[in-house]
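What follows is each chain in one-letter form.
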Amino acid sequence: MSTSSGILGFQPVVLWTDALLFVLVALALLSALRARTQAPLRAAWRKVGRRPAGMAAATVLLAFLAVGLVDSLHYRPLLSAVERVAGVGAPAGSAPAAPVVSTEVLSALDALLAPLRLRTEKTYSAPFAWTLYQRETVETADGGQVRDYPRLTYGAAHLGADVAAARGGDVALRLVSALAQAALAWLVAFLVLASLVWRGSGLRWGEVARAMLAGRTVLAWRAALVTLAVLLAVAAVCVELAPLYHVLGTDKVGQDVLYLALKSVRTALVIGTLTTLVMMPFAVALGIAAGYLGGWVDDAVQYVYTVLNAIPGVLLIAAAVLMMQVVIDTHPQWFDTAAERSDARLLALCFILGITSWTGLARLLRGETLKLRELEYVQAARAFGVRTPAILRRHILPNLMHIVLIALVMDFSGLVLAEAVLSYVGIGVDPSTISFGTMINMARAELAREPMVWWSLAAAFAFMFVLVLAANLFADVVRDAFDPRRA
């Protein structure tokens, strides 16, 4: 989906996954506003905020979410006059009547990371290196040939000829500058947050600030501030060093690994969130229907999810993905750009994972509904002639939402890991889509070479580890806060 370029200098593009991701964020914000008006939900989320692990994990997840949302603002840039004359948009010597847009779809994150995206080397280079990772035959000044490590085109190019002597001091000075910028940004964030907490507290601003730093507030703001300080320090170091060095090295085709890792965040978020959007209606509807109605409905639902569980999940997903890929390949007219084509496969993967992973939640909801339908207030509602849809809406579903919320939060990390595994074996996202799975798949062969190329796998592992660890910690805190048996 795209809109007219007008005078913007680019043509905005809205992919299906972009629209659905922003819809989910809007629904989350509406749910947060609703939680503020209901005392039980407000009390449960306050329990989450009181746990330092919950606040720290939420801060990390918000940082990943910010990267994913920025990467979901897509556009097609206008072609320059040189590109049009070269034959991209019009015949040579003619001026196009209207602006011509490129077939390449970029995102706002691509624009922000342009120094990393455009500065591609010839092949592998190690982190902070100034030469390629493998020897090549180069010509000497006297016309001879020698096997040596060629100098990188962009990495450490600002240091001149004597890189070995100047690199250490240059990196140290830039690290000090980055940490100073991070400290300033953290101070501004602390002042803003302290002012927001101070409003309506009835205390002096200094008392509120000291309480936040000492960890004596109702919510664990100190844990959030410490986590924010670490994130800002890492971000400032990357902003300061990444335009001049390849901080995490380059891959086989010379792309910056840090750029690839940041681009993979959106794919992980899309898989983890949109799959739940597909899974939840199946699980909630079929689980509640089986538990409350019983009889042949219960038998049919149990038969369906028993059959699905009997089929190996990887084989079922592989068959569905391959069939969807055949549909995409035989209908190229459906897609204007390669990005729309790869986005269709990503969306199809979300649907396939959702359709094949609803059985666990449905089984939990069925068991809980079997208990709820025997409670006194449900029996009284049935005795007074209340219709079944009204009972399910007013009495059954509200008492199951804590299970739904806990399951969805805990399934997020599993879905992120599932994408990495599926892409590793070649049945995940489109090969042109940057993801942790494709990074690991590309790094598989690199580990067998000598010397070993380790940084691509290490970068994918580190980013995925932090994301999954934060999701798991947040899921544990949410489970403890919303599970009535732990109250």
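Residues numbered from 1 in each chain as written. Predicted model: local features only at pLDDT ≥ 70, side-chain atom pairs only at ≥ 80, totals over all residues. Heavy atoms only, no water.

Peer 1: Requested: an account of the nonpolar core, with residues and values cited.
Peer 2: Ranked by size, the top nonpolar core spans 53 residues in total, and within it Val 48, Val 416, Phe 436, Trp 455, Phe 463, Met 464 and Phe 482 carry the most contacts. Elements represented by at least two residues in this core include exactly α2 (39-50), α3 (52-70), α7 (163-198), α10 (257-293), α17 (401-424), α18 (436-446) and α19 (455-482). In terms of residue count, the dominant contributor to this core is α19 (15 residues). Beyond its immediate stretch of four places on either side in the chain, Phe 463 contacts Phe 64, Leu 248, Leu 258, Ala 261, Leu 262, Val 265 and Phe 436. Within the second largest apolar cluster, 23 residues are counted, among which are Ile 288, Tyr 305, Leu 365 and Leu 372. (Core = buried A, V, L, I, M, F, W, Y, C linked by side-chain atoms within 4.5 Å. Buried < 20%, exposed > 50% of the residue type's maximum accessible area, 1.4 Å probe, protein only. Helix = DSSP H or I, 4+ residues; strand = E, 2+ residues; numbered from the N terminus. Contact = heavy atoms within 4.5 Å.)

Peer 1: Any details on the sheet that holds strand β2 (residues 74-77)? Residues and values, ideally.
Peer 2: Pairing within the open sheet is antiparallel, and its three strands lie in the order β1-β2-β3. Single-partner strands in this sheet number two, and they are β1 (10-13) and β3 (106-107). Taken together, the two bridges between β2 and β3 define a ladder with antiparallel strand orientation. Bridge pairing in β3 places His 74 opposite Ser 107. (Pairing = 2+ DSSP bridges.)

Peer 1: Break down helix α9 (residues 221-241) for me, with residues and values.
Peer 2: An α-helical segment advances 3.6 residues per turn. Residues three or four places apart therefore align on the same side. Taking 1.5 Å of rise per residue, the 21 residues of α9 would be expected to cover 30 Å, and the 30 Å separating its terminal C-alpha atoms lies within 8% of that figure. Of all the positions in α9, only Trp 221, Ala 223, Ala 224, Leu 225, Thr 227, Ala 236, Glu 240 and Leu 241 are classed as buried. Against the buried residues of α9 lie α3, α7 and α8 (205-214). (Expected span 1.5 Å × (residues − 1).)

Peer 1: Give me the packing of α10 against helix α13 (residues 338-356): which residues, what numbers.
Peer 2: Close contact between α10 and α13 brings their axes to 7 Å; oriented N to C, the two are set at 45°. Taken together, the axis directions place α10 and α13 in an arrangement best described as oblique. Both α10 and α13 take part in a crossing whose hand is right-handed. Residues Arg 266, Thr 267, Val 270, Ile 271, Leu 274, Thr 275, Val 278, Met 279 and Phe 282 of α10 touch α13, and the partners they reach there are Asp 343, Leu 346, Leu 347, Leu 349, Cys 350, Phe 351, Leu 353, Gly 354 and Ile 355. Residue composition of the contact of α10 with α13, grouped by class: 13 nonpolar, three polar and two charged. (Axes fitted to C-alpha atoms, helices over the stretch in contact; angles between N-to-C directions. Parallel < 35°, antiparallel > 145°, perpendicular 65-115°, else oblique. Left-handed = near helix turned anticlockwise from the far one by under 90°. Nonpolar A, V, L, I, M, F, W, Y, C, P; charged D, E, K, R; others polar.)

Peer 1: Tell me about unusual backbone geometry, residues and numbers included.
Peer 2: Positive phi values are uncommon outside glycine, yet Phe 128 reaches one of about 65°. Looking at the secondary structure, you find Phe 128 in the loop between α6 (114-118) and β4 (136-139). Located in the positive-phi region is Ala 156, a residue other than glycine, with phi close to 60°. Residue placement: Ala 156 occurs in the loop between β5 (145-148) and α7.

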